[in-house]
Amino acid sequence: MFTIERKGEEYRKLAYDNLNCVGCGICVETCPTSSLRLGPLVPIARGLIEMDLISVSDSCVFCGLCSIACPFDSLSLTIDGEDVKNIDSYPSWDVQSEIDDEDCIYCGRCKSICPRDSILFERKLPEISSLVRGEISFDEDKCIYCSFCADLCPAEAIELKNIASSSVDKLNNSISVDTSKCVYCGVCKRICPEDAIMEVCSTCMLREEIEVPEISGEAFIIEDSCVNCSWCSEICPVDAITVTKPFEGKLELVESEEKVCKGDSCHACLDVCPCNAVEIVDGKSVTNLDFCNLCGACVTACPQDIRILTRTAMNLININSDSWAEILNSLVSGK
Amino acid sequence: MAVKIDSEACGHIQDCPVQGLCIKLCEQGAIIEEDGDVKIVPENCDDCDLCIQNCPNQAISKA
């Protein structure tokens, strides 16, 4: 985290937020004054060194190119308080990760798979009692408080208070059922050795009058920390999520006689990947391009230098300046 | 092939910015701590080069 500023005719401020930074080094590559530096990626990712991934030197001219080039919104340059990303004449990333409220069924699979913990998710399930109908009661004269019913109840709806020292004294025993949990399955009735449970399920009979339950909720993607990996959209069972990635292209492992992937010994790529797209399979690094956002962090991290990233297109639009276009377009091509 | 350490450049754990980063990075047990200094165990080295790439003093190279 750093903030540097320059006061003059305009007040320019450059702020870096380590939280969103993936260590791709795109800012370092594009800085026209070579003012940014990428820290030791692998030791930082492994928690061996605590420091920011990016540092800045005083040669920075506050042009803002880094903040525009960063696909993950880790850097922001403001001019007189206004973020250049919000100024029309500056380029912007046409990427998005969105959940469509209309289609979402609030199953929560996206939240559990997101490698960046970027999905806010809340849901409200209907009460069990609004889904089933029935009756249940206990004949306390017959009940011997054996607790078979409570132990077997799949809904954990039966509570038995049984004071051991006075188990023959029925006054000190009690049995009750929580009807907000009971599903009237009848397991308790079937297991009761004393035939002390009366249970009737009327759910099927009353099917017509039991309202179809509604599941409500809220699910949205926190754009700030999302890295557009598309795990969420791939796993969504109802196709409610749209993810646009910053780049198109491919990432290959190109081994030679001298340089081969060391897989489990090294796994630097796996450690730095913000997308959880890398696996070590049979001792070799395998990248699933469905989830890779082509950020290139693994390319920098690989000590064998055998990862070849080829970006064929990028979704950075509205590049108006020729000099900026020249620098930014250099991101598309080999790394 | 393993690696070698330039003794002059090496921080010898005590003066290393990360107190023996190479030892912490190497999961093969090819770089270990012995008598407060860094020691290479060549037979364990898998030539992954992580230590070479990350040594803050650039003290490690191919043997």
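Every value quoted in this text rests on a predicted model; they were computed, and no experiment measured them. (Residues numbered from 1 in each chain as written. Chains lettered and ligands numbered in written order. Predicted model: local features only at pLDDT ≥ 70, side-chain atom pairs only at ≥ 80, totals over all residues. Heavy atoms only, no water.)

Student: Would you explain the domain arrangement of chain A in this entry?
Tutor: When the parts of a complex come together, some accessible area is lost, and that lost area is often used as the size of the interface. Each assigned domain of chain A is listed here: domain 1 (2-90) and domain 2 (128-209). Averaged C-alpha coordinates put domain 1 of chain A and domain 2 of chain A at centres separated by 64 Å. (Domains from an automatic or database assignment.)

Student: Teacher, can you tell me more about the pattern of salt bridges here?
Tutor: Two side chains that carry opposite charge are able to pair once their charged atoms sit near each other. As enumerated under the stated definition, the model contains ten salt bridges over all chains in all. The closest approach of N and O atoms between Lys7 of chain A and Glu5 of chain A, which form a salt bridge, is 3.8 Å. Overall, the relative accessible area of 43% leaves Glu5 of chain A in the partly exposed class. The partner of Asp47 of chain B in a salt bridge is Lys62 of chain B, and the shortest N-O contact between them spans 3.7 Å. One end of the pair, Asp47 of chain B, is in the loop between β3 (37-40) and α2 (50-54); the other, Lys62 of chain B, is in strand β4 (residues 60-62), and 15 residues separate them in sequence. The class for Lys62 of chain B is partly exposed, based on a relative accessible area of 31%. (Salt bridge = Lys/Arg side-chain N within 4 Å of Asp/Glu carboxyl O. Buried < 20%, exposed > 50% of the residue type's maximum accessible area, 1.4 Å probe, protein only. Helix = DSSP H or I, 4+ residues; strand = E, 2+ residues; numbered from the N terminus.)

Student: Looking at this structure, how should I read the side chain of Asp83 of chain A?
Tutor: Looking at where Asp83 of chain A falls in the secondary structure, it is placed in strand β6 (residues 82-83). Setting aside residues no more than four positions away along its own chain, Asp83 of chain A makes contact with Ser76, Leu77 and Thr78 of chain A. (Contact = heavy atoms within 4.5 Å.)

Student: Which parts of the structure should I look at to understand the sheet that holds strand β1 (residues 2-7) of chain A?
Tutor: Pairing between the strands of a sheet comes from backbone hydrogen bonds, and it takes one of two forms, parallel or antiparallel. All names here are of chain A. The strand order across the open sheet formed by four strands is β1-β2-β5-β6, and the pairing between neighbours is antiparallel. Lying at the two open borders of the sheet, with one neighbouring strand each, are β1 and β6. Taken together, the six bridges between β1 and strand β2 (residues 11-16) define a ladder with antiparallel strand orientation. Residue pairing in the sheet places Arg6 in a bridge with Arg12 of β2. (Pairing = 2+ DSSP bridges.)

Student: Hey, could you run me through the nonpolar core in this one?
Tutor: In summary, soluble globular proteins display a tendency toward joint burial of nonpolar side chains. Core analysis: the largest hydrophobic core is formed by 64 residues, its most contacted members being Leu14, Ile54 and Leu328 of chain A. Contacts of Ile54 of chain A, omitting those with residues within four sequence positions, involve Phe2, Tyr16, Cys21, Cys27, Val28, Leu36, Arg37 and Leu38 of chain A. (Core = buried A, V, L, I, M, F, W, Y, C linked by side-chain atoms within 4.5 Å.)

Student: Quick question: what am I supposed to make of unusual backbone geometry here?
Tutor: As a rule of thumb, non-glycine residues mostly have phi less than zero, and peptide bonds are mostly trans rather than cis. For Ser34 of chain A, which is not glycine, the phi torsion reads 50 degrees and is therefore positive. Positive phi is not limited to glycine here, since Asp35 of chain B has a value of about 50 degrees. With respect to the element layout, Asp35 of chain B can be found in the loop between β2 (31-34) and β3.

Student: Mind showing me how you'd approach the packing of aromatic side chains here?
Tutor: By convention here, two paired aromatic rings are described through the distance between centres and the angle between planes. Residue and element names in this part refer to chain A. On inspection of all chains with the given rule, the structure shows four aromatic pairs over all chains. A centroid spacing of 5.8 Å and a plane angle of 70 degrees characterise the contact between Tyr90 and Trp324, whose relative ring orientation is edge-to-face. In this pair, Tyr90 is assigned in the loop between β6 and β7 (92-93) and Trp324 in helix α10 (residues 322-329), connecting sequence segments 234 residues apart. We classify Tyr90 as buried; its relative accessible area is 16%. Between the NZ or CZ atom of Arg311 and the centre of the ring of Phe247, over which it lies, the distance is 4.2 Å. (Phe/Tyr/Trp six-rings, centres within 6.5 Å; stacked < 30°, edge-to-face > 60°. Lys NZ or Arg CZ within 6 Å of the ring centre and 35° of its normal.)

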